[in-house]
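Coordinate inspection notes
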Amino acid sequence: MVSLSSVLAFWYGHYRRELPWRETRDPYRIWISEVILQQTRVNQGMEYYLRFVDRFPDVCSLAEASEQEVLAMWQGLGYYSRARNLHTAARQVVSQHNGTFPSSYEEVRALKGIGDYTAAAICSIAFDLPHAVVDGNVYRVLSRLFAIDTPIDSNQGKKEFQELAQKILDIQSPGLHNQAVMEFGALACVPVNPDCENCPLKLNCRAYELQLVSQLPVKAKKTAVKELFYTYLYVHSGDEVVLQKRSTANNIWKNMYEFPLIEASQLLTPEEVVCHPHLLEIGPFTLNPQPIDFTHLLSHRKINARFYKIEVDTVSSFMKNSLITTLQEIHHYPIPRLITRFLEYFCAV
Ligand code: SF4
């Protein structure tokens, strides 16, 4: 009987996408691609991957870079802790492994920011070690093939799916097998309306047989979204503007740069901004009472952002951790996508 794994490998050989990180077995490049692709679509991630490995072609060049430069390369991808962890782990590889990427699962798993999934992906693809990957695509494929309704976000579900993935892993070609399951989930066994009639696994698929495809996989909880209210002060004189560095105490965008921020339980009105203590520090100013509002969504946050343009005669670094730069130089600093959105809008009007 033809095994599940060989059907997937055959399918993968015919339908897989040609992607730059699939042309290498360099663990460093596989690691970078895996981290970029967490929470990022392939099309968007590809551009970042190519730029990242062009600027940092190996683990030593990444370790030698400054955090600011690494964050700037990551700008727009979001989840900046991923970039910080990459940087820290690169330094670990240099200090603990003399700059050579480790080749055992335990050593790879011990690097900063590398969890079970990423360690299994790197070790199976780069070194053919028999570790099964379980990502969102794998959860979906396995839950449907075996009609498992254990919630994938429960401890029991994680254990059950990891064990199943390991059980069906082709230990002769674990890298190929892992990539085939993930690609099959990404392209064929998609979340909504998969083309089951033409699926090469439909005769093996319990969910198809039981007409449960649209009900699987099961998730137990919805992600709670926290709402934030950010009022930004775009303080400028001509092209000169004030930026402020976020502190490491912030939950999001640590060490990145934005405009001076007033965070409150609501967005501020022009009258409230004019009276705000921060404004006492900037000297004579003219506030444009027509703010620009954006809603910015992150996975666990909804940010209601309001930007006030405040013109001054002479810009000064009036808030803690603030600095003066120009619109031309601003992109040398790592800035969140929300700030870029404002600048794109502002420069377009
Ligand atoms: S038959 Fe449908 S649900 Fe089952 S594996 Fe194929 S695409 Fe997925």
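Residues numbered from 1 in each chain as written. Predicted model: local features only at pLDDT ≥ 70, side-chain atom pairs only at ≥ 80, totals over all residues. Heavy atoms only, no water.

**Observations concerning the overall build of the protein**
So the rule is basically this: Think of it this way: any DSSP run of H or I at least four residues long counts as a helix, any run of E at least two long counts as a strand, and we number them from the N terminus. Buried means the residue's accessible area, taken with a 1.4 Å probe over protein chains only, is under 20% of the maximum for its type, while exposed means over 50%, and partly exposed covers the values in between. Residues count as neighbours in contact if any of their non-hydrogen atoms are within 4.5 Å of one another. The method behind every accessible area is Shrake-Rupley, applied with a 1.4 Å probe, and residues are considered shielded solely by the protein chains displayed. Two residue types count as positive, namely Lys and Arg, and two as negative, namely Asp and Glu; His and chain ends fall outside the count. Every charge is mapped onto a representative atom, which is NZ of Lys, CZ of Arg, CG of Asp or CD of Glu.
Of regular secondary structure, the protein possesses 14 helices and eight strands. A buried classification covers 49% of the 349 residues belonging to the protein. Partitioning the contacts of the protein with sequence separation of at least 6, the portion at a separation of at least 24 is 67%. Carbon and sulfur atoms make up 50% of the accessible area of the protein, which totals about 17600 Å². A gap of 5 Å separates the mean positions of the 34 positive and 37 negative side-chain charges of the protein.

**Side note on helix α10 (residues 155-168)**
Applicable threshold: In this scheme, a helix's expected span is set at 1.5 Å multiplied by one less than its residue total.
The terminal C-alpha atoms of α10 lie 20 Å apart, and with 14 residues this matches the ideal 20 Å at 1.5 Å per residue to within 8%. Looking at the packing, one finds that the buried side of α10 touches α9 (136-145).

**Thoughts on the side chain of Arg 22**
Where we set the bar: Polar contacts, as used here, are pairs of N or O atoms within 3.5 Å; protein pairs need one atom able to donate a hydrogen and one able to accept it. Residues neighboring in sequence count only if both atoms are side-chain atoms.
By the secondary structure assignment, Arg 22 is in the loop between α1 (4-15) and α2 (27-37). On the basis of relative accessible area, Arg 22 is assigned to the buried category, the value being 19%. A polar contact of 3.1 Å, which involves the side chain of Arg 22, links it to the side chain of Tyr 12. With residues near it in sequence (within four places) discarded, Arg 22 still touches Tyr 12, Arg 16, Arg 17, Gln 179 and Glu 183.

**Structural notes on the pairing of strand β2 (residues 240-245)**
The line we're drawing: Only strands joined by at least two bridges in the DSSP assignment are considered to pair.
Two elements, strand β1 (residues 226-237) and β2, share two bridges in a ladder whose sense is antiparallel. Looking at β2, one finds that Ser 237 is bridged to Glu 240. Hairpin connection of β1 to β2: two residues between the antiparallel strands, including Gly 238 at a positive phi of 60°. Two elements, β2 and strand β8 (residues 322-326), share five bridges in a ladder whose sense is antiparallel. Residue pairing in the sheet places Val 241 in a bridge with Thr 325 of β8. Pairing of β2 with strand β3 (residues 257-258) involves two bridges; the strand directions are antiparallel. Following the sheet pairing, Lys 245 is matched in β3 by Tyr 257.

**With respect to unusual backbone geometry**
The linkage connecting Leu 216 with the following residue, Pro 217, adopts the cis geometry, with an omega of 0°. One can find Pro 217 in the loop between α12 (206-210) and β1. Phi at Asn 98 is positive, roughly 50°, even though this residue is not glycine. Locating Asn 98 in the fold gives a position in the loop between α6 (81-97) and α7 (105-109). Note on Asn 98: relative accessible area 73%, which makes it exposed. Look at Asn 321: it is not a glycine, yet its phi comes out positive at around 60°. Position of Asn 321 among the secondary structure elements: in the loop between β7 (301-312) and β8. Here Asn 321 falls in the partly exposed class, since its relative accessible area comes to 43%.

**Structural notes on the domain arrangement of the protein**
Applied cut-off: The split of the chain into domains comes from an automatic or database domain assignment. Accessible area that two parts lose when put together, evaluated with a 1.4 Å probe and summed over both, is termed the buried area.
By the assigned domains, the protein splits into domain 1 (4-215) and domain 2 (226-348). Taken together, the contact pairs nine residues of domain 1 with 14 residues of domain 2. Of the roughly 860 Å² buried at the junction of domain 1 and domain 2 (both faces included), carbon and sulfur atoms supply 50%. The interface formed by domain 1 and domain 2 includes three residue pairs in polar contact (both at pLDDT 80 or more).

**Some thoughts on the site of the ligand**
To be explicit about the condition: Any residue with at least one heavy atom within 4 Å of a molecule or strand is counted as near it. Two kinds of site are reported from a 1 Å grid over the protein atoms alone, namely cavities, where a 1.4 Å probe fits but cannot get out, and pockets, open sets with protein on both sides within 12 Å along at least five of seven lines, and residues are called lining when an atom falls within 4 Å of a point. For a molecule to be placed in a cavity or pocket, more than half of its atoms must lie within 2 Å of the grid points of that cavity or pocket. Residue type decides the class: Asp, Glu, Lys and Arg count as charged, Ala, Val, Leu, Ile, Met, Phe, Trp, Tyr, Cys and Pro as nonpolar, and the leftover types, Gly among them, as polar.
Around the ligand, the neighbouring residues are Arg 144, Leu 145, Phe 184, Cys 189, Pro 194, Cys 196, Cys 199, Lys 202, Cys 205, Tyr 208 and Val 213. A majority-of-atoms criterion places the ligand in the second largest pocket. Looking at the shell around the ligand residue by residue, the classes come out as nine nonpolar, no polar and two charged.

**Topic: the layout of surface pockets**
For clarity, the cut-off: Grid points are joined across faces, edges and corners, and a volume is the space filled by probe spheres set on the points.
Of the pockets and cavities examined, the second largest pocket occupies roughly 220 Å³. In terms of residue count, the dominant contributor to the lining of the second largest pocket is α9 (three residues).

**What to know about the packing of aromatic side chains**
Both the distance between ring centres and the angle between the ring planes are used here to describe each pair of aromatic rings. Note the threshold: Stacked, edge-to-face and tilted labels apply to pairs of Phe, Tyr and Trp rings (six-membered ring for Trp) whose centres lie within 6.5 Å, assigned for plane angles under 30 degrees, over 60, and everything in between, in that order.
Throughout the structure, instances matching the rule amount to 19 aromatic pairs. Taking 5.1 Å as the distance between ring centres and 75° as the angle between the ring planes, the aromatic pair formed by Trp 21 and Tyr 49 counts as edge-to-face. Of the two residues, Trp 21 sits in the loop between α1 and α2 while Tyr 49 sits in helix α3 (residues 42-55), which places them 28 residues apart along the sequence. When its relative accessible area of 8% is taken as the criterion, Trp 21 is described as buried. A centroid spacing of 5.0 Å and a plane angle of 65° characterise the contact between Phe 52 and Phe 56, whose relative ring orientation is edge-to-face. Relative accessible area serves as the criterion here: at 1%, Phe 52 is assigned to the buried category. Relative accessible area serves as the criterion here: at 0%, Phe 56 is assigned to the buried category.

**Topic: the packing of α2 against α3**
Spelled out, the test is: All axes are obtained by fitting lines to C-alpha atoms, using only the stretch in contact for helices, and the reported angles, taken between N-to-C directions, cover 0 to 180 degrees. We call two directions roughly parallel when the angle between them is under 35 degrees, roughly antiparallel when it is over 145, roughly perpendicular when it lies between 65 and 115, and oblique otherwise. Handedness of each helix crossing follows the sense of rotation of the near helix against the far helix: counterclockwise by less than a right angle gives left-handed, clockwise gives right-handed.
Viewed as axis vectors pointing N to C, α2 and α3 meet at an angle of 140°, and their least axial separation amounts to 9 Å. Accordingly, the angle class assigned to the pair α2 and α3 is oblique. The two elements α2 and α3 cross, and the hand of that crossing is right-handed. Contact residues: α2 offers Tyr 28, Arg 29, Ile 32, Ser 33, Ile 36 and Leu 37, while α3 offers Val 42, Gly 45, Tyr 48, Tyr 49, Phe 52 and Val 53. A breakdown of the residues in the contact of α2 with α3 according to their chemical character gives nine nonpolar, two polar and one charged.

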